[in-house]
Amino acid sequence: MKRIFLLAAVLLVSIKGFAQNDDFKKNQVNLNILNAIWLTSVEIGYERYVAPNQSVEGQIFFNDRFSVFPKRNGEKYNATSFSVGYNYYFDEDGGTGFYINPFMKVRSGSYKDKDGVKTKLDSFILGIGGGYIWNYDDTFIIAPYANIGRNFGKEVNDNKKFWAVEPNFGIKIGYKF
């Protein structure tokens, strides 16, 4: 009888120890507040957590700009982008800490300089980024980040105003639910 009780106790502890913890918020919406203020570009994102420290992310960029360079007088950007990425948070419970973010981005639109010369911004971008996330009560987040991407758009790379490598940074604010 003692052996059966001991075996049942060990089995129960083992099952409890190896059970996955699904008790975490799986959805998050984001806004890059820095872009909205500084560049008048709107960057909205959605993350779906597949584990407490991993998520798949989709973002849409309205009035997207090339990198973080402010436009000069007479310049006009008219572009929209969409990106997908994977976020790995180094804190195992998905709380506060550093994260890394490989991503792919597709941009469509145009740029017109002060002389009226138009350049198509259509491009495919592969990149990697990283940042630090502050997670308040597993509900509200603030996350400064920086990333760098390789731009594969022919017209963009042929225009001397733009770089083939595109740096970017921002501050995301978000809500987890």
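Since the model is a prediction, treat every value here as computed from it, not as a measurement.

Draft legend 1. Spotlight on the overall build of the protein chain. Within the protein chain, the secondary structure is distributed over three helices and nine strands. In the protein chain, the order of α-helices and β-strands from amino to carboxyl end is α-β-α-β-β-β-β-β-β-β-α-β. The buried share of the protein chain, taken over its 177 residues, is 38%. The long-range fraction of contacts in the protein chain, counting pairs at least 24 apart against all pairs at least 6 apart in sequence, stands at 57%. On the protein chain, roughly 10600 Å² of surface is accessible, and the fraction owed to carbon and sulfur atoms is 65%.

Draft legend 2. Layout of the pattern of salt bridges. As enumerated under the stated definition, the model contains seven salt bridges in all. The salt bridge involving lysine 172 is made with glutamate 57; its shortest N-O contact spans 3.1 Å. Of this pair, lysine 172 sits in strand E9 (residues 165-176) while glutamate 57 sits in strand E3 (residues 54-62), and the two are 115 residues apart along the sequence. In this pair, the class of lysine 172 matches that of glutamate 57, namely buried. Between arginine 107 and glutamate 166 there is a salt bridge whose closest N-O contact spans 2.8 Å. Of the two residues, arginine 107 is situated in strand E5 (residues 97-112) and glutamate 166 in strand E9; the sequence distance between them amounts to 59 residues. A relative accessible area of 1% places arginine 107 in the buried class. Via salt bridges that share partners, Asp64, Lys105, Arg107 and Glu166 belong to a single interconnected network.

Draft legend 3. The arrangement of empty space enclosed by the protein in detail. Per the stated rule, a full pass over the model turns up two cavities of 30 Å³ or more. By volume, the largest cavity is sized at about 230 Å³. Forming the boundary of the largest cavity are 21 residues, of which Gln59, Asn101, Phe103, Tyr145 and Asn147 lie nearest the centre.

Draft legend 4. A look at the nonpolar core. Core analysis: the biggest nonpolar cluster contains eight residues, these being Phe24, Tyr49, Tyr89, Tyr99, Ile133, Ile141, Ala143 and Tyr145. If we skip the residues at most four places from it in the chain, phenylalanine 24 touches Tyr49, Val50, Ala51 and Pro52. Core analysis: the second largest hydrophobic core is formed by six residues, Tyr77, Tyr111, Leu121 and Val156 among them.

Draft legend 5. Focus on the packing of aromatic side chains. Scanning the model with the defined rule gives ten aromatic pairs in all. For the pair tyrosine 49 and tyrosine 89, a centre-to-centre distance of 5.9 Å together with 20° between the ring planes defines the contact as stacked. Placement of tyrosine 49 in strand E2 (residues 42-51) and of tyrosine 89 in strand E4 (residues 76-89) is noted, with a sequence separation of 40 residues between them. With respect to burial, tyrosine 49 and tyrosine 89 carry one shared label: buried. Of the aromatic side chains, those joined through ring pairs into one cluster are Tyr49, Tyr89 and Tyr99. It is arginine 150 that lies over the ring of phenylalanine 152; its NZ or CZ is 5.1 Å from the centre. The side chain of lysine 172 reaches across the aromatic face of tyrosine 145, ending 6.0 Å from its centre.

Thresholds, definitions, all that
- Residues numbered from 1 in each chain as written.
- Predicted model: local features only at pLDDT ≥ 70, side-chain atom pairs only at ≥ 80, totals over all residues.
- Heavy atoms only, no water.
- Helix = DSSP H or I, 4+ residues; strand = E, 2+ residues; numbered from the N terminus.
- Buried < 20%, exposed > 50% of the residue type's maximum accessible area, 1.4 Å probe, protein only.
- Contact = heavy atoms within 4.5 Å.
- Areas by Shrake-Rupley, 256 points an atom, 1.4 Å probe, with all protein chains shown as cover.
- Salt bridge = Lys/Arg side-chain N within 4 Å of Asp/Glu carboxyl O.
- 1 Å grid on protein atoms, 1.4 Å probe; cavity = no way out; pocket = protein on both sides within 12 Å on 5 of 7 lines; lining within 4 Å.
- Points joined across faces, edges and corners; volume = space filled by probe spheres on them.
- Core = buried A, V, L, I, M, F, W, Y, C linked by side-chain atoms within 4.5 Å.
- Phe/Tyr/Trp six-rings, centres within 6.5 Å; stacked < 30°, edge-to-face > 60°.
- Lys NZ or Arg CZ within 6 Å of the ring centre and 35° of its normal.

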